[in-house]
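# Residue-level structural notes
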Amino acid sequence: MTIDLISSEAAQQQSAAELCATLATSPQGLSSEEAQSRLAQFGPNALEEKKVNPLLKFLGYFWGPIPWMIEVAAILSGVVQHWDDFTIIMILLIFNALVGFWQEYKAANALEALKKELALNARVLRDGKWQEIPSAQLVPGDIIRLRLGDIIPGDVKLMEGEFLSVDQSALTGESLPVSKKAGDIAYSGSVAKQGEMVALVTGTGANTFFGRTAKLVQEAGAASHFQKAVLQIGDYLIYLSLGLVTVLILVQLERGDHLLTLIQFALILTVASIPVALPAVLSVTMAVGALALSKMKAIVTRLESIEEMAGVDILCSDKTGTLTLNQLTLGEPVTFAAQDKQELVLWGSLASKEEDRDPIDLAVLAGLADKQALAAYSQTQFRPFDPVGKRTESTLEDGENHTFKATKGAPQVIMGLCHLDPETSAQAQKVVDDLAAKGYRTLGVARSANTGPWQFLGILPLFDPPREDSQETIAEARRHGVQVKMVTGDNVAIAREISQHLGLGTNIKPASQLLKEGADISKLEGAAAAAIEAADGYAEVFPEHKYGIVRALQSRGHITGMTGDGVNDAPAIKQADVGIAVSGATDAARAAADLVLTAPGLSVIVKAVEEARRIFERMNSYAIYRIVETIRIMFFVVLAMVFYNFYPITAIMIILLALFNDAPIMAIAFDNTMVDPEPVKWNMRRVLTISTVLGLIGVAETFLILIIAKNWLKFDIPEIQSFIFLKLAVAGHLTLFVARTPRMFLRRPWPAPVLLWSAIVTKVLATLFVVYPFGLITPISWEAVGIIWAYCLAWIFIEDLAKLAVLRHLEMRGQRHLTFLQLAKRWLDPYR
């Protein structure tokens, strides 16, 4: 049967009976056949995801400026019937596509695995019997049972039961649970805190309050710093290559070279020189890092966010569950009429009901040293806490059938119940105020014998204790140059106490004071933004405040991380440079986040920042290496042809060189790197300066070995070509070992074994190829091979010294305020 969708607003207006008629169902639920039919009509009860056909995604790697150049080079090789060139070019093209596709596929699978791990179930009445099914299979018209602790799986109309206390904070920002009764609507994504009710499902998936809110959070279109850096590097290399190739073509045409052969060589030279593998290598590096983070219980949903994470300098962290345990704990009781502290806790426990699993009741019961003391009393009646009475009450009998009553609740209510004299009342109020100033919540406890008057026993303080690792983790974050700011919905006193305990500072401001009423939170600047920047944390924060806090910090030039868990947090999470969905976050928050945590606490985020900085260093190393190789090959080949009028290496050698260099370079994704003590970001001036200096040194050293081969060793042109090919192949990865660290290349951290051995294996293969070339090139002797290896190993030390000199020069220009001794220390540090 086909039925129409119904909004939660329309469902609110109709009675349960009318809704059953509208949705063609009954209190006995749906049949399995009807449920399947509706599942086909409405789709699964989940947020819709855009799925891309894997084949189309793979073919996408053959589309774009760089793949087009490779493809044209392959076609021209076929036209001039250079089939060796054609085969190797196609291998290069397919290899880059396969690597990029495979790594992106693996990263996507990591998130998919997380979603399966977080899948929820629902109790539904189908075919006249209660059964448990995945929440994704619910349909409008289903009858479900909601109990304490359940995440409500769809928009529902409550039908049967006394009441249901629902936590809607993830949806509406309301901090206190809302009491619902039969006839009320409860929203998907909210949590049942007390009670049990039967409900009718009115909306699923995108047609829920939850789904519609999540749908508003669209994918940001702005390019990340990573994408901008790749484009800058790519543009620099492409323009440089095209300029030199143009010079080469004009000179060689003047000398009478065949146009088609010249264009084919120029294209191959350009393809080998521009960053063909740059996107693939950087994506692999980030994907491998993302898999490493997933083992730390942090799932990366957008690869580019890893680079942003490396530069985060302010992290706005939730208090509850991230900095604290999210577990109410009993503090030091304050006695009045009670004989001792344990008697006070005993009567507080007798005014509790463990089966209800109320957090306050559980905290009080956990503070009782002797649980056997409860066995002396039987609970004949229990009235749970309600927002009006603000207390719980138990009727009890002891072993001699004496009747007692025990109550606990808001101190002012309990004090009023006991009719305290002014002096005792003032004393109790002072205790409550003093504890509140330290961030404690308080409960008053009283008892009465038979129908006698209430006796005020004392005050129980409750608090959410900090996580054991929070203080050390915050200190570790500071050592990494990341300032942690607390964000909490709790009042200022509680926030200040926890903040002081954790070493965050005491400058805690209420969000309402920072984000003044009527102000446009999306355009905070000037003094308002400066006040937000100066605060150590923010209290009484509603989810909508978080967006304003992020925008203000970004306007002050900070790369900001923001944690959140609710639907209303999604805009702030999306706006942040690194949005983090904490453990237990809603689907909407996870969909908006760059990083999804599956373990509680702040330490996971700090580990993620460390890993991100390692990944950044790997990407930075590869970018420098790739630019150096482009300058080395392009300038050398073009200048050699201009001066000597012969090809210093052949087209097939250029392609093989690209394969020898790019195939093992993927191993840089696993390299060991230093963790920068400060937030990092792309410094293109530094990258291009170091690369240009090392590249020009490479041109000079290659020209020198060409002169040696031509004038001293008396090689003919084919032998010179093989000789130069081996020199470029061996020097390539040796340069990578120089580029991978800002220190001397022989110092720690050593290259990862996979990187070291991939370089050794490819260089050995290149060496064997020039000695035993299978007829593809002219062979050279082992003596010539020895000269090349000795020559390259000598020059790596010269390159390393040049790198250190450039780094020191750049550092001095940026740090002219330092003293001579400080500068001397920094000059000497790379050699230690």
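Note that the coordinates shown come from a computational prediction; the quantities given were computed from them, not determined experimentally.

## Focus: helix α19 (residues 492-502)
Listed in full, the buried residues belonging to α19 are Val 492, Ile 494, Ala 495, Ile 498, Ser 499 and Leu 502. Seen end-on, α19 carries its buried residues on one side only, within an arc spanning 160°. Among the structural elements, α13 (319-323), β17 (441-449), α18 (470-479), β19 (483-487), β20 (508-510) and β21 (537-539) are those in contact with the buried residues of α19.

## A few points about the packing of aromatic side chains
If you walk through the whole model with that rule in mind, you get 15 aromatic pairs. Ring centres of Phe 643 and Phe 703 lie 6.4 Å apart, and the angle between their planes is 75°; on these two criteria the pair is classed as edge-to-face. Linking Phe 643 in helix α25 (residues 603-644) with Phe 703 in helix α27 (residues 684-712), this pair joins segments that are 60 residues apart in sequence. Among the aromatic residues, ring-to-ring pairing joins Trp 347, Tyr 377 and Phe 404 into one connected group. The positively charged end of Arg 145 is found above the aromatic ring belonging to Trp 130, 4.6 Å away from the centroid.

## As for the packing of helix α16 (residues 411-418) against helix α17 (residues 422-437)
Two elements in contact, α16 and α17, have axes separated by 11 Å at closest approach and are oriented at 170°. The pairing of α16 with α17 is recorded here as roughly antiparallel in orientation. Two secondary-structure elements touch here, α16 through Pro 411, Gln 412 and Met 415 and α17 through Ser 425, Ala 428, Gln 429 and Val 432. When grouped by side-chain class, the residues that make up the contact of α16 with α17 number 4 nonpolar, 3 polar and no charged.

## Quick notes on the nonpolar core
Generally speaking, a soluble globular protein has its nonpolar side chains buried in company with each other. Membership of the largest hydrophobic core comes to 141 residues, with the highest contact counts inside it found for Leu 269, Trp 682 and Phe 725. Counting residues per element, this core draws most heavily on α25, at 23 residues. Leu 269 has contacts with Val 245, Leu 248, Ile 633, Met 634, Val 637, Val 638 and Ile 654, leaving out every residue within four places of it along the chain.

## Considering the sheet that holds strand β5 (residues 164-167)
Pairing in this open sheet of 3 strands is antiparallel, and the strands run β6-β5-β8 from one edge to the other. Both outer strands of the open sheet, β6 (178-180) and β8 (191-195), are each paired with one neighbouring strand and no more. Averaged over all pairs of adjacent strands, the angle between strand axes in this sheet comes to 35°, irrespective of strand direction. Strand direction decides the pairing type here: β5 and β6, joined by 3 bridges, are antiparallel. Bridged to Val 166 within β6 is Val 178.

## Notes on the sheet that holds strand β10 (residues 298-300)
Here 8 strands make up an open sheet; going across it, the order is β10-β24-β23-β22-β11-β19-β21-β20 and the pairing mixed. Both edges of this open sheet fall to β10 and β20, since each of them pairs with a single strand only. Adjacent strand axes in the sheet meet at a mean angle of 20° when their direction is disregarded. Summarising the sheet, strand β22 (residues 560-564) and strand β23 (residues 578-581) pair through 4 bridges and their orientation is parallel.

## Points about the side chain of Ser 691
Topologically, Ser 691 is positioned in helix α27. Given a relative accessible area of 0%, Ser 691 falls into the buried group. Side-chain polar atoms of Ser 691 contact the backbone oxygen of Val 687, separated by 2.6 Å. Beyond its immediate chain neighbours, meaning those up to four positions away, Ser 691 contacts Ile 624, Ile 627, Val 628 and Ile 631.

## A few points about the confidence of the model for the chain
In this model, the chain carries an average pLDDT of 81, and 85% of its residues clear a pLDDT of 70 or more. Counted against residues more than four places away or in other chains, residues 816-832, with its pLDDT under 50, gives 21 contacts.

## What about the environment of Ser 241?
In this fold, Ser 241 is placed in helix α9 (residues 225-254). Among the residues examined, Ser 241 registers a relative accessible area of 0% and is labelled buried. Distance in space between the C-alpha atoms of Ser 241 and Met 634 is 6.6 Å, their sequence separation being 393 residues.

## Quick look at the pattern of salt bridges
In the structure shown here, the tally under the stated rule is 26 salt bridges. A salt bridge links Glu 701 to Arg 632, with the shortest nitrogen-to-oxygen separation between them at 3.8 Å. Of this pair, Glu 701 sits in helix α27 while Arg 632 sits in helix α25, placing them 69 residues apart in sequence. Judged by relative accessible area, which is 1%, Glu 701 ranks as buried. The class of Arg 632 is buried, set by a relative accessible area of 0%. One salt bridge in this structure joins Lys 803 and Asp 800, with 2.9 Å as the shortest N-O distance. Note that Lys 803 and Asp 800 are positioned in helix α30 (residues 782-814) at a spacing of 3 residues, about one turn of the helix. Taken individually, Lys 803 and Asp 800 each receive the classification buried, so the pair is uniform in this respect. Salt bridges here are not isolated pairs; linked through shared partners, they connect Glu 629, Arg 632, Glu 701, Lys 727 and Glu 799.

## Focus on the pairing of strand β2 (residues 129-134)
Pairing between strand β1 (residues 121-126) and β2: 6 bridges, direction antiparallel. Along β2, the bridge assignment pairs Arg 126 with Lys 129. Between the end of β1 and the start of β2, which pair antiparallel, lie 2 residues, with Asp 127 showing a positive phi angle near 55°.

## Let's talk about α18
For α18, every residue scored as buried is listed here: Ser 470, Thr 473, Ile 474 and Ala 477. Seen along its axis, α18 keeps its buried residues to an arc of 100°; they face one direction. Contact partners of the buried residues in α18: α13, β19, α19 and α25. Count one or two residues on from α18 and you reach Gly 481, which has phi positive near 80°.

## Details of the environment of Phe 404
Structurally, the position occupied by Phe 404 is in strand β16 (residues 403-409). Residues Phe 404 and Thr 451, 47 residues apart in the sequence, show an inter-C-alpha distance of 8.0 Å.

## A closer look at the side chain of Thr 767
Locating Thr 767 in the fold gives a position in helix α29 (residues 753-771). You can call Thr 767 buried: its relative accessible area is 7%. Only 2.7 Å separates the side chain of Thr 767 from the backbone oxygen of Lys 763, close enough to count as a polar contact. Setting aside residues up to four positions removed in sequence, Thr 767 forms contacts with Leu 726, Trp 782, Val 785 and Trp 789.

## A short note on unusual backbone geometry
In this structure, the amide linkage connecting Arg 748 to the following residue, Pro 749, adopts the cis form with an omega of 0°. Along the chain, Pro 749 turns up in the loop between α28 (717-739) and α29. A positive phi angle is found at Ala 24, which is not glycine, with a value near 50°. Considering the arrangement of structural elements, one finds Ala 24 in the loop between α2 (16-22) and α3 (32-42). On the basis of relative accessibility, which here comes to 30%, the residue Ala 24 falls in the partly exposed class. Phi is positive for Asp 127, close to 55°, though the residue is something other than glycine. Among the residues examined, Asp 127 registers a relative accessible area of 42% and is labelled partly exposed.

Conventions we followed
- Residues numbered from 1 in each chain as written.
- Predicted model: local features only at pLDDT ≥ 70, side-chain atom pairs only at ≥ 80, totals over all residues.
- Heavy atoms only, no water.
- Buried < 20%, exposed > 50% of the residue type's maximum accessible area, 1.4 Å probe, protein only.
- Helix = DSSP H or I, 4+ residues; strand = E, 2+ residues; numbered from the N terminus.
- Arc of directions from axis to C-beta.
- Contact = heavy atoms within 4.5 Å.
- Phe/Tyr/Trp six-rings, centres within 6.5 Å; stacked < 30°, edge-to-face > 60°.
- Lys NZ or Arg CZ within 6 Å of the ring centre and 35° of its normal.
- Axes fitted to C-alpha atoms, helices over the stretch in contact; angles between N-to-C directions.
- Parallel < 35°, antiparallel > 145°, perpendicular 65-115°, else oblique.
- Nonpolar A, V, L, I, M, F, W, Y, C, P; charged D, E, K, R; others polar.
- Core = buried A, V, L, I, M, F, W, Y, C linked by side-chain atoms within 4.5 Å.
- Pairing = 2+ DSSP bridges.
- Polar contact = N/O pair within 3.5 Å; in protein donor to acceptor, adjacent residues only side chain to side chain.
- pLDDT = per-residue confidence, 0-100.
- Salt bridge = Lys/Arg side-chain N within 4 Å of Asp/Glu carboxyl O.

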